[in-house]
Amino acid sequence: CAAAPFSHLSVATYPLIFVIMFYLLAGMFLLARRALPLSGRAWLTVGFLWFVLFCGWQVWFQVRRPALQVFFLDVGQGDGAVLFLDHKTIVLDAGPGGTFNAGERIVTPFLYAQGVRTVDAVVVSHPHDDHAGGISSVIENFHPRLVLDGGNSYPGNRAYRALLEKVRDKKI
């Protein structure tokens, strides 16, 4: 059953350049190991330096992000946008929920691919499902520090009431 706890796992994807660099370095390491007669300790040191170089390059790639980046996501009907502002992450709407949850299927994978682990703020422009429906999964996956909404109330919208209850339960 897909709703069972731990029945699925979301993982980050790496940009193609990281994958290429990883395999190039791994290949060079394996070829050099055959060509150069070094002791086990020396190869352990080379392997460690290779690992540090690879991880350091990823960190450098994340740190040199511009001061402001705005991504508009195609979430079907409705809107979805992600802002990176001075190393802060802000999600503005997340498209529809329901049978095709854009927050789970579009926004969450995008954030993981960008290396995001937590979201600083989630903004809900208004409580229509085509804007706020996917926000629940963003809150569940990224534990935002702040949730803002437009202040509009639609008492008949059950999904939006459930979203507000989730925000209250998580004390956001």
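Cut-offs applied
Residues numbered from 1 in each chain as written. Predicted model: local features only at pLDDT ≥ 70, side-chain atom pairs only at ≥ 80, totals over all residues. Heavy atoms only, no water. Helix = DSSP H or I, 4+ residues; strand = E, 2+ residues; numbered from the N terminus. Areas by Shrake-Rupley, 256 points an atom, 1.4 Å probe, with all protein chains shown as cover. Buried < 20%, exposed > 50% of the residue type's maximum accessible area, 1.4 Å probe, protein only. Phe/Tyr/Trp six-rings, centres within 6.5 Å; stacked < 30°, edge-to-face > 60°. Pairing = 2+ DSSP bridges. Axes fitted to C-alpha atoms, helices over the stretch in contact; angles between N-to-C directions. Contact = heavy atoms within 4.5 Å. Core = buried A, V, L, I, M, F, W, Y, C linked by side-chain atoms within 4.5 Å.

Chemist: I'd like a rundown of the overall build of the protein chain, residues and numbers included.
Modeler: Within the protein chain, the secondary structure is distributed over 6 helices and 5 strands. Beginning at the N terminus, the succession of helices and strands in the protein chain can be written as α-α-β-β-β-α-β-α-α-β-α. Carbon and sulfur atoms make up 64% of the accessible area of the protein chain, which totals about 11100 Å².

Chemist: Describe in detail unusual backbone geometry, supporting the description with residues and values.
Modeler: The backbone of H87 shows a phi angle near 65°, a positive value even though the residue is not glycine. Even without a glycine there, the phi angle at H143 is positive, about 45°. Judged by its relative accessible area of 46%, H143 is partly exposed.

Chemist: Before we move on, could you go through the packing of aromatic side chains and cite the residues and values that matter?
Modeler: For the structure shown, the criterion picks out 3 aromatic pairs. Here the aromatic rings of F71 and F84 are separated by 5.9 Å at their centres, their planes lie at 80°, and the arrangement is edge-to-face. With F71 in strand β1 (residues 68-72) and F84 in strand β2 (residues 80-85), this pair connects stretches of sequence that are 13 residues apart. Given a relative accessible area of 3%, F84 falls into the buried group. Between Y112 and F142, the ring centres sit 5.0 Å apart and the planes meet at 45°, which makes this aromatic pair tilted. A residue pair is termed long-range when its members are at least 10 positions apart, and Y112 in helix α3 (residues 102-113) and F142 in helix α5 (residues 135-142) qualify at 30 residues.

Chemist: Any chance you could break down the pairing of strand β3 (residues 88-94) for me, citing the residues and the numbers?
Modeler: Two elements, β2 and β3, share 6 bridges in a ladder whose sense is antiparallel. Bridge pairing in β3 places L85 opposite K88. In textbook terms, the turn of a hairpin is the stretch between consecutive antiparallel strands, and for β2 and β3 this stretch comprises 2 residues, one of which, D86, has a positive phi near 45°. Relative to strand β4 (residues 121-124), β3 runs parallel, the two sharing 3 bridges. The residue bridging V91 from the neighbouring strand is V122, located in β4.

Chemist: For the sheet that holds β2, give the residues involved together with the corresponding values.
Modeler: In spatial order, the strands read β1-β2-β3-β4-β5; together these 5 strands make up an open sheet with mixed pairing. Both edges of this open sheet fall to β1 and β5 (146-149), since each of them pairs with a single strand only. The sheet shows a mean angle of 15° between the axes of neighbouring strands, direction not considered. Its contacts with the sheet put α3 on β1, β2 and β3, and the angle it makes with β3 is roughly 160°.

Chemist: Which residues make up the nonpolar core, and what values do they have?
Modeler: Where a protein is soluble and globular, its nonpolar side chains tend to be buried together. With 23 residues, the main nonpolar core has V91, V107 and L111 as its most contacted residues. Mapped onto this core, the elements with two or more residues apiece are β2, β3, α3, β4, α5 and α6 (158-169). A per-element tally of this core places α3 first, with 5 residues. Setting aside residues up to four positions removed in sequence, L111 forms contacts with V82, T89, V91, V116, V119 and F142. Grouped together as the second largest cluster of nonpolar side chains are 6 residues, M21, L25, A26 and W50 included.

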